[in-house]
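# Coordinates in review
These are the residues of each chain, in order.
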Amino acid sequence: MKHSNAIAHLRRLCCSGLNMEIVIEEFLRAVPTLIASNNNTFTGTDDQLYPKYHIASFDIADMRETIPNIVASFHTSARQRRAIDWFKNHIAITDARVLEPTFYQSDLYNLVYKTFDMHHVLWMPVAQSGKPIGMLSLYRPKTQKPFGNREQEQLGRLVQYVAHALSAKADEDNACGDSGRTGMMILNARGQIISQSREAERLMGMARYPRLVIETRSEDRLLAKLAQLCSQLNAVYRGEQAPPPNHCHTNAYGRFLFRAYRLQEHGDYQQNLTGLTIEHKVPVALMVLRAMQALSLSPMQQEVAQCIAQGMPFETIGRRLHIKPTTVKDHVGKIYTKLNICQREELLPKLLAIAS
């Protein structure tokens, strides 16, 4: 992807009106198209850069419960003072030993960074009204070269987009489409998970914890709801009045549809096993943005296509993008040709098909 297209995509993503968590995770996944990196993260912080929550661009299901504590224990007051002093004169940290001379012997490196092949770092604070609110972190494996001045400058231009995404009010009315991701769990009659597929584990992590928070979680309402589905299913099989054993859970990552099924039938319902499917649906706006990355459209054509997908009339598109109506029509004609469609009603289904 050309750098201009990559920057345009990241800007549109951060201005999309999607929830902060999903924007930041998608941003972390997309930024390697501009800056070569892997397993990138964002950490929400207080104004002294102490971590409060984490968002990762990669699968950390196996360490979801331990990573926040490892990170929190690393950030001592002495190390935070070093970071704050460093950022008074520098826009980023590209050597983790700035924080700790023995960083590559620390638990954080050996238990987390080394596990995910994160050796070279590019840490840059995100600020609002002059105060830090987070840390954008890019990584490279040991076999690649460290981040240089060019990468620092590129990320520095993107930080303003991330700051906007963190402060923007999310559109709560985003329609959702199929992500193609489903999982399967097996629960006992008490609603306890006794087995689950790998995909179910990933989806449950997204459904339960959009963020990896530092503080201890005292309750888990979603697990309680799934246990309730098992009870409802057993009630139905006993011939009692009960709601259908289905549940729709919505959070920053979209919608998660849970459906319970009977797997085994015993005279004693306490021995029955329940199968639970999870189906993930993502905001259509995100699917459109993802589709744009796969298309050979110019940045302006992508802007126009996104507006058409949202149902905007040509006149409104022109005013929004500050271009003439004739220019809008010219872009539309080129978009239709590249996508092999004839009318605007075909655009959104085409984009969703590309994204799925």
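The present account deals with the structure reproduced in this document. (Residues numbered from 1 in each chain as written. Predicted model: local features only at pLDDT ≥ 70, side-chain atom pairs only at ≥ 80, totals over all residues. Heavy atoms only, no water.)

## Points about the state of the cysteines
Our working definition: For the purposes of this analysis, a disulfide is any pair of cysteine sulfur atoms at a distance within 2.5 Å. Partly exposed residues are those whose accessible area sits between 20% and 50% of the maximum for their type, while under 20% is buried and over 50% is exposed, using a 1.4 Å probe and protein chains only.
Under the criterion given, the structure shown has 0 disulfides. No disulfide involves Cys230; its sulfur sits 18 Å from that of Cys248, the nearest cysteine. This cysteine, Cys248, is not joined by any disulfide, and Cys176 carries the nearest cysteine sulfur, 8.2 Å off. Residue Cys248 is classed as partly exposed on the basis of its relative accessible area, which comes to 40%.

## What about the packing of helix 10 (residues 299-309) against helix 13 (residues 347-355)?
Stated precisely, the cut-off is as follows: To get an axis, fit a line to the C-alpha atoms, keeping to the stretch in contact for a helix; angles then go from 0 to 180 degrees between the N-to-C directions. Think of it this way: any DSSP run of H or I at least four residues long counts as a helix, any run of E at least two long counts as a strand, and we number them from the N terminus. Relative orientations are named as follows: roughly parallel for angles under 35 degrees, roughly antiparallel for angles over 145 degrees, roughly perpendicular for angles from 65 to 115 degrees, and oblique for any other angle. A crossing counts as left-handed when the near helix is turned anticlockwise from the far one by less than a right angle, and as right-handed when that turn is clockwise. The contact definition used throughout considers only heavy atoms, calling two residues in contact when any of these lie within 4.5 Å.
Relative to each other, helix 10 and helix 13 sit at 110 degrees, their axes nearing to 9 Å. Judged on the interaxial angle alone, helix 13 and helix 10 are roughly perpendicular. The hand of the helix 10/helix 13 crossing is left-handed. For the pair helix 10 and helix 13, contact is made by Ala305, Ile308 and Ala309 and by Leu347, Leu348 and Leu351, respectively.

## What to know about the packing of aromatic side chains
Put simply, the test is: The criterion for an aromatic pair is that two Phe, Tyr or Trp rings (for Trp, the six-membered ring) have centres within 6.5 Å, with stacked assigned to planes under 30 degrees apart, edge-to-face to planes over 60 apart and tilted to the rest. Placement of a charge over a ring requires the Lys NZ or Arg CZ to be within 6 Å of the ring centre, with the centre-to-atom vector within 35 degrees of the ring normal.
Throughout the structure, instances matching the rule amount to 9 aromatic pairs. Taken together, a centroid distance of 6.3 Å and an interplanar angle of 50 degrees make the contact between Phe42 and Tyr53 tilted. Here the residue Phe42 occupies a position in strand 1 (residues 41-45), and Tyr53 occupies one in strand 2 (residues 51-56), the gap between them amounting to 11 residues. Both residues of the pair, Phe42 and Tyr53, count as buried. An aromatic cluster of at least three residues, connected via ring pairs, comprises Phe74, Phe103, Tyr104, Tyr109, Tyr113, Trp123 and Tyr139. Above the face of the Phe74 ring, Arg79 is positioned so that its terminal group lies 4.3 Å from the ring centre. Above the ring of Tyr237, the side-chain terminus of Arg262 is found at 4.1 Å from the ring centroid.

## Remarks on the sheet that holds strand 9 (residues 254-262)
Test applied: For two strands to be treated as a pair, DSSP must find at least two bridges joining them.
Across the sheet, which stays open at both edges, the 5 strands sit in the order 6-5-10-9-8 with antiparallel pairing between neighbours. Looking along the sheet, the strands with just one partner apiece sit at the ends: strand 6 (193-196) and strand 8 (246-251). Strand-to-strand twist of the sheet, defined as the mean angle between neighbouring strand axes without regard to direction, takes the value 30 degrees. Examined bridge by bridge, strand 5 (residues 176-187) and strand 6 share 3 bridges and lie antiparallel to one another. Its bridge partner being in strand 6, Leu187 is matched across the sheet by Ile193. On the sheet, helix 8 (residues 221-237) packs against strand 5, strand 6, strand 8, strand 9 and strand 10 (274-283) and is oriented at approximately 35 degrees with respect to strand 9. Against the sheet, helix 9 (residues 284-293) touches strand 5 and strand 10, its axis set at about 65 degrees to strand 10.

## Regarding the nonpolar core
Cut-off, in case you're wondering: For our purposes a nonpolar core is just a set of buried Ala, Val, Leu, Ile, Met, Phe, Trp, Tyr and Cys residues, chained together by side-chain atoms within 4.5 Å.
Ranked by internal contacts, the top residues of the largest apolar core, which has 54 residues, are Ile24, Phe27, Phe42, Leu136, Leu226 and Phe258. With 8 residues, the top contributor of residues to this core is helix 6 (residues 149-167). If we skip the residues at most four places from it in the chain, Leu136 touches Phe27, Leu28, Thr41, Phe42, Leu122, Trp123, Met124, Val126, Leu155, Val159 and Val162. Residues Phe87, Ala96, Leu99 and Tyr139 belong to the second largest nonpolar core, which totals 27 residues.

## Structural notes on the pattern of salt bridges
This is how the line gets drawn: By salt bridge we mean one thing: a side-chain nitrogen of Lys or Arg within 4 Å of a carboxyl oxygen of Asp or Glu.
Under the definition given, this model contains 18 salt bridges. A salt bridge links Glu26 to Arg290, with the shortest nitrogen-to-oxygen separation between them at 2.9 Å. In this pair, Glu26 is assigned in helix 2 (residues 20-30) and Arg290 in helix 9, connecting sequence segments 264 residues apart. Put simply, Arg181 and Glu199 hold a salt bridge, and the shortest N to O gap is 2.5 Å. Residue Arg181 is located in strand 5, and its partner Glu199 is located in helix 7 (residues 198-208); the two are separated by 18 residues in the primary sequence. The class for Arg181 is partly exposed, based on a relative accessible area of 26%.

## Section: the layout of surface pockets
Empty space among the atoms becomes visible once a probe the size of a water molecule is rolled across them. Our working definition: Of the two site types, the cavity is a set of points on a 1 Å grid over the protein atoms alone where a 1.4 Å probe fits but cannot get out, and the pocket is an open set with protein on both sides within 12 Å along at least five of seven lines, each lined by residues with an atom within 4 Å of a point. Grid points are joined across faces, edges and corners, and a volume is the space filled by probe spheres set on the points. Here the term charged refers only to Asp, Glu, Lys and Arg, the term nonpolar to Ala, Val, Leu, Ile, Met, Phe, Trp, Tyr, Cys and Pro, and the term polar to all other amino acids, Gly among them.
Put simply, the largest pocket is a space of about 600 Å³. The wall of the largest pocket is formed by 30 residues, among which Glu25, Arg29, Arg181, Met206 and Tyr253 lie closest to the centre. Elements represented by at least two residues in the lining of the largest pocket include exactly helix 2, strand 2, strand 5, helix 7, strand 10 and helix 9. Considering each element in turn, the lining of the largest pocket owes the most residues, 5 residues, to helix 2. Along the lines of polarity and charge, the residues of the lining of the largest pocket split into 15 nonpolar, 6 polar and 9 charged.

In short, the description is geometric, and any link to function would need to be established separately.
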